[in-house]
Amino acid sequence: MINTIMEAVGEALDAEFGEGYGICTEETGQGIKAPYFSIRCLESASELFRGKRYYRSSRFCIQYFPLSQDGRNRECYSVLDRLCTCLEHIPAGSLIRGTGMKGKMAGGILEFSVNYDCFVSRTEEEEPGIGEMMSHTGVKKGD
């Protein structure tokens, strides 16, 4: 589910900001030129709700590395407003609402965090049964 949410966040960022912005989902952003976004899952928790349904809570951090060095605060605050809008609802299987959105400047980059909480159902795979078997029996006449 985490990878599905990360892909949906990436698609929402791409739809909002376009091709001029890179998107990185791995730890190293080396080789990617600013401006770009880095998407990470900070923590995830799963709690049994009822039967085979689980309540899954995941906190994500989206870091924005700005293009300009001179007006980076202004650029980051502009991006922060757009992030709140484009990440409010993401299509990850079904529509998931982002909650607890927070943004702050740290070391010249924007750090934006958001929670995506949802219910998931665990289905157990059935083991294959024996299936059908046909047999023909008869009596052999002996001497």
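Undergrad: Help me out: how do you make sense of a nonpolar patch on the surface in this one?
TA: Together, Phe49, Tyr55 and Phe119 give the surface a local cluster of nonpolar side chains, amounting to about 280 Å² of exposed area. With respect to the element layout, Tyr55 can be found in strand β3 (residues 53-65).

Undergrad: Looking at this model, I keep getting lost on the sheet that holds strand β2 (residues 36-50). Mind explaining?
TA: Consider a sheet: its strands pair through backbone hydrogen bonds, and that pairing is either parallel or antiparallel. Pairing within the open sheet is mixed, and its six strands lie in the order β1-β2-β3-β6-β5-β4. Strands with a single pairing partner mark the edges of an open sheet, and in this sheet they are β1 (22-24) and β4 (89-92). On average, each strand axis in the sheet is tilted by 30 degrees relative to the strand beside it, whichever way the strands run. As paired strands, β2 and β3 are joined by 13 bridges and run antiparallel to one another.

Undergrad: Got a minute to help me understand the packing of helix α1 (residues 2-17) against helix α2 (residues 72-86) in this structure?
TA: Between two packed helices, both the angle of their axes relative to each other and the distance between the axes serve to describe the pair. One can describe the packing of α1 onto α2 by two numbers: an axis separation of 10 Å at closest approach and a directional angle of 125 degrees. One element, α1, and the other, α2, form an angle in the oblique class. In this structure, the crossing between α1 and α2 has a hand that is right-handed. Two secondary-structure elements touch here, α1 through Ala12, Leu13, Glu16 and Phe17 and α2 through Val79, Arg82, Leu83 and Cys86. Among the residues forming the contact of α1 with α2, the class breakdown is six nonpolar, no polar and two charged.

Undergrad: Explanation requested: the pattern of salt bridges in the structure shown.
TA: Pairing of side chains with opposite charge becomes possible as their charged atoms draw close. What the rule picks out here adds up to two salt bridges. Of the charged contacts, one joins Glu16 and Arg82 as a salt bridge, the two residues approaching to 3.0 Å between their closest N and O atoms. Taken as a pair, Glu16 in helix α1 and Arg82 in helix α2 lie far apart in primary sequence, 66 residues in all. Put simply, Glu88 and Arg97 hold a salt bridge, and the shortest N to O gap is 3.3 Å. A relative accessible area of 28% means that Glu88 is categorised as partly exposed. For Arg97, a relative accessible area of 48% translates into the label partly exposed.

Undergrad: Is there a simple way to think about the pairing of β4 in this case?
TA: Regular strands have side chains that alternate between both faces of the sheet. Burial along β4 is one-sided: the residues Ile90 and Ala92 are buried and none of His89 and Pro91 is. As defined by bridge partners, β4 adjoins strand β5 (residues 94-106) across four bridges and the pair is classed as antiparallel. Considered in β5, the bridge of Ala92 is made with Ser94. If you look at the hairpin formed by β4 and β5, you'll find one residue sitting between the two strands, and Gly93 has a positive phi there, around 85 degrees.

Undergrad: Help me understand α2 in this model?
TA: Residues separated by three or four positions in an α-helix point in the same direction, a consequence of the helix having 3.6 residues per turn. In a regular helix each residue adds 1.5 Å, so 15 residues correspond to 21 Å; α2 covers 21 Å between its end C-alpha atoms and thus fits that length. Within α2, the full set of buried residues consists of Glu75, Cys76, Val79, Leu80, Leu83 and Cys86. For α2, the angular spread of the buried residues around the axis is 145 degrees, confining them to a single face. Turned more than 90 degrees away from the buried face of α2, the exposed residues are Arg74, Asp81 and Thr85. As for α2, its buried residues are in contact with α1, β2, β3, β4, β5 and β6 (109-121).

What counts and what doesn't
- Residues numbered from 1 in each chain as written.
- Predicted model: local features only at pLDDT ≥ 70, side-chain atom pairs only at ≥ 80, totals over all residues.
- Heavy atoms only, no water.
- Patch = residues over 30% accessible without salt bridge, like charges linked within 9 Å, V, L, I, M, F, W, Y side chains within 5 Å.
- Areas by Shrake-Rupley, 256 points an atom, 1.4 Å probe, with all protein chains shown as cover.
- Salt bridge = Lys/Arg side-chain N within 4 Å of Asp/Glu carboxyl O.
- Helix = DSSP H or I, 4+ residues; strand = E, 2+ residues; numbered from the N terminus.
- Pairing = 2+ DSSP bridges.
- Axes fitted to C-alpha atoms, helices over the stretch in contact; angles between N-to-C directions.
- Parallel < 35°, antiparallel > 145°, perpendicular 65-115°, else oblique.
- Left-handed = near helix turned anticlockwise from the far one by under 90°.
- Contact = heavy atoms within 4.5 Å.
- Nonpolar A, V, L, I, M, F, W, Y, C, P; charged D, E, K, R; others polar.
- Buried < 20%, exposed > 50% of the residue type's maximum accessible area, 1.4 Å probe, protein only.
- Expected span 1.5 Å × (residues − 1).
- Arc of directions from axis to C-beta.

Keep in mind that these numbers describe shape and distance, not what the molecule does.
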